[in-house]
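Below, each chain spelled out in residue letters.
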Amino acid sequence: MIRSVVQGWGAYLPEKIVTNDDLAKFVDTSDSWIRERTGICQRHVAADGEMTSDLATNAARQALERAGIDGLEVDLIVLGTATPDETFPATATRVQEYIGAHRACAFDLQAACSGFIYALAVADNFIRLGQARTALVLGAETFSRILDWSDRTTCVLFGDGAGGVVLRAEEGEGSSADRGVLSTHLHSDGRQHDLLYADGGPSLNQVAGVVRMEGREVFRQAVAKLSQVVDEALEGNGFSVSDIDWLVPHQANKRILDSTAKKMGIGIDKMVVTVDRHANTSAASIPLALNEAASDQRIKEGDLVVMEAMGAGFTWASAALRW
Ligand code: UT7
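Let us look at the overall build of the chain. Helices and strands together make up the secondary structure of the chain, namely 11 helices and 13 strands. Over its C-alpha atoms the chain spans a radius of gyration of 18 Å, differing by no more than 12% from the 20 Å that the globule rule assigns to 323 residues. Along the first, second and third principal axes, the C-alpha set of the chain runs to 60 × 45 × 40 Å. Here the chain holds 323 residues, and 57% of them are scored as buried. The contacts of the chain with a sequence gap of at least 6 include a subset with a gap of at least 24, amounting to 76%. A total accessible area of about 13300 Å² is found for the chain, and carbon and sulfur atoms account for 48% of it. Once the 30 positive and 44 negative side-chain charges of the chain are each reduced to a mean point, those two points are 4 Å apart.

On the secondary structure map, D269 appears in the loop between α9 (254–264) and α10 (275–278). According to the relative accessible area criterion, D269 is exposed, its value standing at 61%.

As a further point, take the site of the ligand. Surveying the vicinity of the ligand reveals 23 residues, the closest of which are T29, R216, N253, R255 and N280. Here an oxygen atom of the ligand and a side-chain polar atom of R37 are 2.9 Å apart. The separation between an oxygen atom of the ligand and a polar side-chain atom of R216 is 2.6 Å. Considering the ligand on its own, with 950 Å² of exposed area, one finds that the protein chains cover 76% of that surface.

With that out of the way, let us pick up the sheet that holds strand β13 (residues 315–322). Strand order across the open sheet formed by 4 strands is β8-β13-β12-β11, with mixed pairing between neighbours. Of all strands in the sheet, those bounded by a partner on one side alone are β8 (180–188) and β11 (246–249). Direction aside, the axes of adjacent strands within the sheet are offset by 15° on average. Summarising the sheet, β8 and β13 pair through 8 bridges and their orientation is antiparallel. Directly across from G180, in β13, lies its bridge partner R322. Where helix α5 (residues 115–128) meets the sheet, it contacts β8, β12 (304–311) and β13, and its direction lies at approximately 125° from that of β8.

Cut-off values and rules
Residues numbered from 1 in each chain as written. Predicted model: local features only at pLDDT ≥ 70, side-chain atom pairs only at ≥ 80, totals over all residues. Heavy atoms only, no water. Helix = DSSP H or I, 4+ residues; strand = E, 2+ residues; numbered from the N terminus. Rg over C-alpha atoms; globule rule 2.2 N^0.38 Å. Buried < 20%, exposed > 50% of the residue type's maximum accessible area, 1.4 Å probe, protein only. Contact = heavy atoms within 4.5 Å. Areas by Shrake-Rupley, 256 points an atom, 1.4 Å probe, with all protein chains shown as cover. Lys, Arg positive; Asp, Glu negative; His and termini not counted. Charge placed at Lys NZ, Arg CZ, Asp CG, Glu CD. Near = heavy atom within 4 Å. Polar contact = N/O pair within 3.5 Å; in protein donor to acceptor, adjacent residues only side chain to side chain. Pairing = 2+ DSSP bridges. Axes fitted to C-alpha atoms, helices over the stretch in contact; angles between N-to-C directions.

Structure (structure tokens):
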């Protein structure tokens, strides 16, 4: 059996940090409201001229270095993003150029906040089918570019960043065969479009648009869908909640993380939390969280890691991975 094993990981956050107090200077909000309702204390924001491809490239370089390989060994680049540099070509091809992955096929994948898990699923299937041996799976966003900075109900929630992993095919018996992506579970429901979307696009009105969201309803549906999709990952592999070493959720709101943990009966100490410092970085939030917990060695080889995400579309997804 072929498995997609994580060989390296990396992440990048823009230098500029915007605090809640900074936002309160130009929009009717407060540090206490944002902390209490979301758990967010600050977010990183890309500099002028710093693009999604730049963030993704920094994360990719770190992941390749950790994996001990160079760009030419990469067969596939899948970049989850809702904020590409340009309408076309794919931002992934820019990353390909910057890291010298000239042998790879490279494309973007749009599943909003679920983008990283969707990208992981696609890369894992390429690897299982033998169509790629080494894949770079990235999530990168510059949501600061598609926010209405006068809308306090959305502009306080998001941040910019990037992260990713290098997956390599491993086969055969033995302990290494137990590592890798065990399963992925993807869902979408286009009927929920109006609850969370950007009000622009090349075909619609030729502008990028800004984020529009019915936050309360998204929140309500998120908790239900996230616990369901984690259950699906556990059942699919014959695991129970107590088998999870680390739950790495999409970081949208600390209250969503707490409610999901409570609904599932998993301790908050088993959850990787970065939303306080990164805010919601959409497709980048899971690889940023993975990077943090793997780099400080909370996540260790052999740990069962379950990831989950939910976002616009709606899309929602989970993945079970033996690190
Ligand atoms: O990653 C994709 C998925 N996205 C999400 O998961 C986001 C899900 N939703 C949420 O995280 C929360 O619903 C929000 C953080 C967006 C909002 O929190 P809430 O507790 O659901 O607040 P609310 O929308 O019910 O608003 C409560 C009040 C309203 O005032 P009134 O109508 O009660 O007078 C809002 O206008 O809070 C007001 N409000 C704010 N006040 C200060 C909304 N945003 C702000 C703000 N600062 N930034």
